[in-house]
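Architecture at a glance
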Amino acid sequence: MAKKILEVKELTTKYITRFKENVYAVDHVSLTVEEGKSLGIAGESGCGKSTLALSLMGYYFPPLYYTSGEIIIDGQNISGMKPDDVRKSILGKEIAYIPQAAMNALNPTQKIIRFIEDVVHAHHPDATKEEIYDLARTRFERLGLPASVLEKYPVELSGGMKQRTVIATSVILGPKVLIADEPSSALDVTSQKKVIKMLRDLMETEIIKSMIFITHELPLLYNVTDDIMVMYAGQIVEKANAEEAVFDPLHPYAKGLMGAIIVPEEGLRDVKLTAIPGVPPNLKNPPDGCRFAERCKYAVPQCKVIKVGMTEVGDGREYRCIFSEEELREFYKDAQ
Amino acid sequence: MKHTIREIFHSPKFLVGFSIFMFILLVVIFYPLFVTAEPLEIIGKGTFFEPGIYVNVYDGVNSKQYTLNLDDAAEKRIASKLGDQERLDMQEWLLSFGIPEEEIDIYDTEKLIELWENNYDRSIRFPGMTSARQKYFGRLNTSLAGLLSTEGIVLAAENQETGELESTGIIEQTNYLNVGQVANVRVLPLGTDNFGRDMLTELVSATGTSLKIGFIAGSIATMIGLTLGLLAGYIGGWVDDIIMFFTNLFTVIPSIVLLILISYSIGQEQRGAVTVAVVIGFTSWVWTTRAVRAQVISLRHRDHVNLSKLSGHSVGHIIVHDILPYIASYVVMAFILQISSGILAEAGLSILGLGPKTTDVPTLGLMMNWAMIYSAHIMGKWWAYFPVIVVIALVSFSMNLMNTGLDQVFNPALRE
Amino acid sequence: MKGYVKYFSGKLVWFLITLVAAFVLNFVLPRLMPGDPVAIITQRTVQGMASQAGIQKVYQQYAELFGTNKPIHEQFIIYIQNILKGDFGLSFSQYPRPVADILKSSIWWTVALQFPAIILGWLIGNTLGALAAYLKKGFDKVIMPVSIFISNLPAFGMAVVLLVIFGVKLAWFPTSGGYGFDMIPNLSWGFIWSVIVHYQLPFWSIVLIAIGGQAIGMRSMAIYELNADYVKYSRFLGIKDRTTIKYVFRNAMLPQITGLALSIGTMIGGALVAEVIFSYPGLGSTILTAVMGQDYPLISAVTLIIALMVLSATFLIEILYGFIDPRIKAAQTD
């Protein structure tokens, strides 16, 4: 069995609103990413996937707070560490992040190389400017970015270039885990392709050891990642390898989502996850039973009452539903 | 709409600002109903009477007198004339005169006054003593006369036939009168100004005028700003270029320069409160224009506007139905700020001597101007300028609070 | 480099345009009065002057100064020529002193008082605003209400309050003038000390007013920047908060500089009124005497000088901004 690079056990984090209400946007999430593997996380907007991305960093600032659970990176449990130690020895070094809106992710008044210097100095205070420049140039060129980018200000770069610069900067210290939150959603098609290729390169060249890729664009996940998790209302509802998650989902929500892309066709990349009628529950007061019951066409009265856990069906595959695998397959067959 | 209004009145900042403003407004409206005196009527002969209750002495003498035996009456009477400072001053004079220090006990009132009366000479001026100081001792001496006497004051009237004075009565030191029974009492809560006018009545009237000036100036500035902003933002193209050229021009050229030039050109006789307000309005539209234009540009390509265009609606219809409702909140906020800056602009102009003509109406700026010209601030006549500053600050503070409150309701992102 | 040249030349052209506009306004506004402007100005100027010959002389001088018998564009040329020669005519309230002479003696008081005060107030206000945004609790609760209240106090109100507290009650500083009234300007220590002492109250009242408004502006800018994406990203790369804060304040400061360029006119306007309160021998007091003395040439010259001062200050700030903000260079090269 391959080495586990990232292991998350029952992680729960919450937002505290202006009115002091707790909103559990990540609710007992467990996941594992092995060396050389990538994991995709899918779901409607507001399902908690972006919050999960932030929570995985193990570094919290208001209004997001850590509640319980563990994050273990390459055998090191970071959940109990002091925030400043996490910052110094984990962030950027062991685990790195690519934000959703890379357009504004770079300080507009700083040259790229100055920012990279700050990143490196935060972890290696003694590094000289020359060393950092050499490191940055090598990494940028290895990832197909001209070294001249380093001497530029963010405004001087195009959108796609900026996003690739952000990615190259994020992995400057060769983190073990890279978390990419919708890294390509705001880009044009050509730039998107370049970004995806770059992420693949990162894995192939082993600059990073594993990746978590978050998006609402399913075709992208199918093409990029090994495994896929589907999130709904702060919880994981389906975990499977990419093939199964897309073509043979078990959870009715996953089924609804994937239904839209069963026919692989050019132009489907724009299919958004809005095919299911209804809206997710309010996480200030989540329902006791299955959170999807309100919108589920197979729901029975018990669904709204019984608290459902994950059911394992072998080979690391899990889903969250009171019905058995067979019953679910039966439903889907009838539907067709 | 109803919901928005409810939300506005739930914003604490807006509520506080609104309450202060309404209080000021209500005072301005209702005060004249109770006090009907002319605000600019000169009642005091002399400048800067202290705030207080003014009792007519003639009526007082002639009103019913009561005897109250109060032990500390004499003590208070002496203390009012002979405080610690006066005692020290007397000591200073006596020392300069050559009395040995050990003979002067400044806390033994009787001995001190005796010593003083035996030695003081108005004509003596010690080396290094200013003539003002010499005069001060003269006044001090006069005020001490009869201080220790226990006798009453004899009232006398001239006999028409003999021309002699005949005693008509005596006012004992234990006599009191009931203020409520005196026919003529005038309360001057804020005293009088340099011309002898009742400060409070004048201040209320001035506040009203200043609010009116602010309102007129604000309305004009907002109307111009709104019109230009709509034209520039909605029509765009060369119209936008021309309007923005002038807007940028007047942003850089300070409005105080325009205000001074225009106000002076109009001439003092023609400068009524309304004229000043109009001038201020015509020189302060730039910020509204900029804000409205920016808002309109962001609205111009929204779906509902496009839909309206496709439906063949006229430009006027689109502006009224599809643009104005969306920028109404900004316009209201800009209007509020314009009012308060209009009031401040009037005050500034008046201090520079370019306010409304002085004989017509009082304004907050004119009152400030008068107080400054008559050096009320240096002479310690706080009631002549401090209430004016407080009112100006309160008006502008309340307007700003209302504005911030509205801003937080309309732009939830600003809430913390 | 090309970017800078483009930016600076753009700013220079705009500076020249506004300069011309200031001249034109100064020239045109008084002429918009109905009737013969020279007659009206003369009439207003000579109020109380008995001799008919004197009035005629005043009229002549104005007619010559304005060249009213010539077409309007020639008048404008005469006006510009006179000003370029430094000839603003003769003052009427201080006849026969030339206006240029009066300006020369008051402008430096204003420049030396207002610019340092506005700059210091700007610096302190921005620092406090940044601190309020960063520290939030406590500090924010104290600084903000105080700043809001101060910024709502009119400039002259602050001046009067300071004057009464420190000048009259505590008597630490003199209440009026630019130096002791019994002194003649010279370079002795006694005179310089007197100038320094007289400088304090007007200076700090302008500083305090500037602080209030700037602190509020800086606080909202800094709060906006603190929530920017790059702050989150920098934190997630493990960069120390201290470094991130530096980015934030630098970036929040930049719009504040342009803000200063836009508001310096208003600030100088307020400061002129504060000068009047302290009878400071600068342009503010000059305006007051000119207005009182119906001294038209003096008013016209002072407003022109103030406009020039504000325009130049704005221009300088924008030039400075061009050097400080790297985006200027980049944005112009596209």
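Here is what the cut-offs are and how they apply
For every chain, the first residue of the written sequence is number 1, and numbering continues from 1 along that sequence. Written order determines the labels here, with chains lettered from A and ligands numbered from 1. Selection of residues for local features in this predicted model requires a pLDDT of at least 70, selection of side-chain atom pairs for listing and counting requires 80 or more, and totals for whole chains, interfaces and linings are taken over all residues. Values reported for side chains reflect all heavy atoms of the structure, with hydrogen atoms and water molecules removed beforehand. The numbering of helices and of strands both runs from the N terminus, where a helix is a DSSP run of H or I of at least 4 residues and a strand a run of E of at least 2. Restricting the calculation to C-alpha atoms gives the radius of gyration, and the globule rule supplies 2.2 Å times the number of residues raised to the power 0.38. Exposure is judged per residue with a 1.4 Å probe applied to protein chains only, and the accessible area is read against the type maximum: over 50% gives exposed, under 20% gives buried, and values in between give partly exposed. Exposure was quantified through the Shrake-Rupley algorithm and a 1.4 Å probe, taking into account, for residues, occlusion by the shown protein chains and nothing else. When charges are tallied, Lys and Arg are placed among the positive residues and Asp and Glu among the negative ones, while His and the ends of the chain are skipped. We put the charge of a Lys on NZ, of an Arg on CZ, of an Asp on CG and of a Glu on CD. Contact definition: two residues touch when any of their heavy atoms are within 4.5 Å. Only C-alpha atoms enter the line fits that serve as axes; for helices the fit covers just the stretch in contact. Angles between N-to-C directions range over 0 to 180 degrees. Here is the rule for angles: anything less than 35 degrees is roughly parallel, anything more than 145 is roughly antiparallel, 65 through 115 is roughly perpendicular, and the remaining ranges are oblique. Put simply, a crossing is left-handed when the front helix is turned counterclockwise from the back one by less than a right angle, and right-handed when it is turned clockwise. Residues are sorted three ways: Asp, Glu, Lys and Arg are charged, Ala, Val, Leu, Ile, Met, Phe, Trp, Tyr, Cys and Pro are nonpolar, and all the rest, Gly among them, are polar. Should DSSP find at least two bridges between two strands, the strands are regarded as paired. Each patch is built from residues lacking any salt bridge and having more than 30% relative accessible area; the joining distance is 9 Å for like charges and 5 Å for nonpolar side chains (Val, Leu, Ile, Met, Phe, Trp, Tyr). In the sections that follow, a salt bridge refers to a side-chain nitrogen of Lys or Arg positioned within 4 Å of a carboxyl oxygen of Asp or Glu. A quick way to say it: buried area is the sum, across both parts, of accessible area lost when two parts are put together, with a 1.4 Å probe. Confidence scores labelled pLDDT are given residue by residue by the predictor and lie between 0 and 100. Stacked, edge-to-face and tilted are the three classes for Phe, Tyr and Trp ring pairs, Trp counted by its six-membered ring, which pair at centre distances within 6.5 Å; planes under 30 degrees apart are stacked, over 60 edge-to-face, the rest tilted. Charge-over-ring contacts are defined here by two conditions on Lys NZ or Arg CZ: a distance within 6 Å of the ring centre and an angle within 35 degrees of the ring normal.

Digging into the overall build of chain A
Along chain A, the regular secondary structure elements total ten helices and twelve strands. A globule of 336 residues ought to have a C-alpha radius of gyration of about 20 Å, and chain A, at 21 Å, matches this closely. Over its C-alpha atoms, taken along the principal directions, chain A stretches across nearly 65 × 45 × 45 Å. Within chain A, the fraction of its 336 residues that count as buried is 53%. Entry remark: accessible area of chain A is about 14700 Å², with carbon and sulfur atoms responsible for 50%. One way to put it: in chain A the 41 positive side-chain charges average out to a point 5 Å from where the 47 negative ones average out.

Considering the overall build of chain B
Along chain B, the regular secondary structure elements total 16 helices and six strands. Its C-alpha atoms give chain B a radius of gyration of 32 Å, more than 25% over the compact-globule value 22 Å for 416 residues. Once the C-alpha set of chain B is aligned to its principal axes, its extents read approximately 105 × 50 × 50 Å. Looking at the 416 residues of chain B, the share that counts as buried comes to 45%. Here the analysis covers contacts within chain B between residues at least 6 apart in sequence; of these, 71% occur between residues at least 24 apart. Accessible area of chain B: about 21600 Å², with a carbon and sulfur share of 61%.

Details of the packing of helix H5 (residues 159-170) of chain A against helix H6 (residues 189-204) of chain A
All names here are of chain A. Relative orientation of the contacting elements H5 and H6 amounts to 15 degrees, with a least axis distance of 9 Å. Taken as axis vectors, H5 and H6 run roughly parallel relative to one another. When the axes of H5 and H6 are compared, the crossing they make is right-handed. Where H5 abuts H6, its residues Gly160, Gln163, Arg164, Ile167 and Ala168 lie against Ser191, Lys194, Val195, Met198, Leu199 and Leu202. For the contact of H5 with H6, a count of residues per class yields six nonpolar, three polar and two charged.

Details of the packing of helix H1 (residues 2-10) of chain B against helix H16 (residues 386-410) of chain B
All names here are of chain B. Between H1 and H16, the least distance of the axes is 9 Å, while the angle of their chain directions is 130 degrees. The angle between H1 and H16 falls in the class oblique. Between H1 and H16 lies a crossing whose hand is right-handed. Only Leu406, Val409 and Phe410 of H16 make contact with H1, whose side of the interface consists of Thr4, Glu7 and Ile8. Tallied by class, residues from the contact of H1 with H16 come to four nonpolar, one polar and one charged.

Side note on the sheet that holds strand E11 (residues 311-312) of chain A
Whenever strands of a sheet pair, they do so through backbone hydrogen bonds, lying parallel or antiparallel. Residues and elements named next belong to chain A. The eight strands lie next to each other as E6-E7-E8-E3-E9-E10-E12-E11, forming an open sheet whose pairing is mixed. Whereas interior strands pair on both sides, the edge strands pair on one side only; in this sheet they are strand E6 (95-98) and E11. Where strand E7 (residues 177-181) meets strand E8 (residues 210-214), five bridges bridge the pair, whose relative direction is parallel. Across the sheet, Asp181 pairs through a bridge with Ile214, a residue of E8. Helix-sheet contacts for helix H1 (residues 49-56) involve strand E3 (38-42), E6, E7, E8 and strand E9 (227-232), and the interaxial angle to E7 is about 150 degrees.

Topic: the pairing of strand E4 (residues 165-171) of chain B
Note: strand E3 (residues 153-158) of chain B against E4 of chain B, six bridges, orientation antiparallel. Paired with Ala156 of chain B across the strands is Ser167 of chain B, a residue of E4 of chain B.

Re the side chain of Ser205 of chain C
All names here are of chain C. In this fold, Ser205 is placed in helix H8 (residues 189-226). The exposure class of Ser205 is buried, given its relative accessible area of 2%. Apart from the residues lying within four places of it in its own chain, the contact partners of Ser205 are Met158, Ala159, Leu162, Ala274 and Phe278.

Some words on a nonpolar patch on the surface
All names here are of chain B. A surface patch of nonpolar side chains, about 440 Å² in accessible area, is lined by Ile53, Val55, Leu177, Val179, Val185 and Val187. Where the nonpolar patch is concerned, the elements lending two or more residues are strand E1 (52-55) and strand E6 (185-188). With respect to the secondary-structure elements, Val187 resides in strand E6. Val187 gets classed as partly exposed once you look at its relative accessible area, which sits at 47%.

Some words on the interface of chain C and chain B
With 46 residues of chain C in contact, the opposing surface of chain B contributes 40 residues. The junction of chain C with chain B conceals about 3900 Å² of combined surface from both sides, 81% of it contributed by carbon and sulfur atoms. Linking chain C with chain B are zero salt bridges. Elements with a contribution of two residues or more to the side of chain C that touches chain B: helix H1 (2-31), helix H6 (139-152), helix H7 (155-169), helix H10 (241-277), helix H11 (283-292) and helix H12 (296-324) of chain C. The element best represented in the side of chain C that touches chain B is H1 of chain C, accounting for nine residues. Here the side of chain C that touches chain B is built from residues that sort into 32 nonpolar, eleven polar and three charged.

Digging into the pattern of salt bridges
Residues and elements named next belong to chain A. For the coordinates displayed, the defined rule picks out 22 salt bridges over all chains. The salt bridge partner of Lys4 is Glu7, with a shortest N-O separation of 3.5 Å. Among the residues examined, Glu7 registers a relative accessible area of 18% and is labelled buried. For Lys239, the salt bridge is made with Glu318, and the minimal N-O distance between the two is 3.9 Å.

So, the confidence of the model for chain B
All names here are of chain B. Averaged over all residues, the pLDDT of chain B is 85; the fraction at 70 or higher stands at 98%. The secondary-structure element of chain B with the lowest mean pLDDT is H1, recorded at 78, while helix H8 (residues 199-235) shows the highest, at 92. Predicted complex, confidence summary: ipTM 0.82, pTM 0.77.

A look at the packing of aromatic side chains
A full pass over the atoms with the stated rule returns 32 aromatic pairs over all chains. With centroids separated by 5.1 Å and ring planes inclined at 85 degrees, the aromatic side chains of Tyr232 of chain A and Phe292 of chain A adopt a geometry described as edge-to-face. Taken together, the positions of Tyr232 of chain A in strand E9 and Phe292 of chain A in the loop between helix H9 (252-259) and E11 put the pair 60 residues apart, joining distant regions of the chain. By the burial criterion, Tyr232 of chain A is buried, and Phe292 of chain A matches it. Taken together, a centroid distance of 5.7 Å and an interplanar angle of 75 degrees make the contact between Phe215 of chain B and Phe335 of chain B edge-to-face. Here Phe215 of chain B is found in helix H8, whereas its partner Phe335 of chain B is found in helix H14 (residues 315-351), with 120 residues between them in sequence. The class of Phe215 of chain B is partly exposed, set by a relative accessible area of 47%. For Phe335 of chain B, a relative accessible area of 21% translates into the label partly exposed. In this structure an aromatic cluster arises from ring pairing among Trp93, Phe97, Trp116, Tyr120, Phe126, Tyr136 and Phe137 of chain B. The side chain of Arg197 of chain B reaches across the aromatic face of Trp370 of chain B, ending 4.5 Å from its centre.

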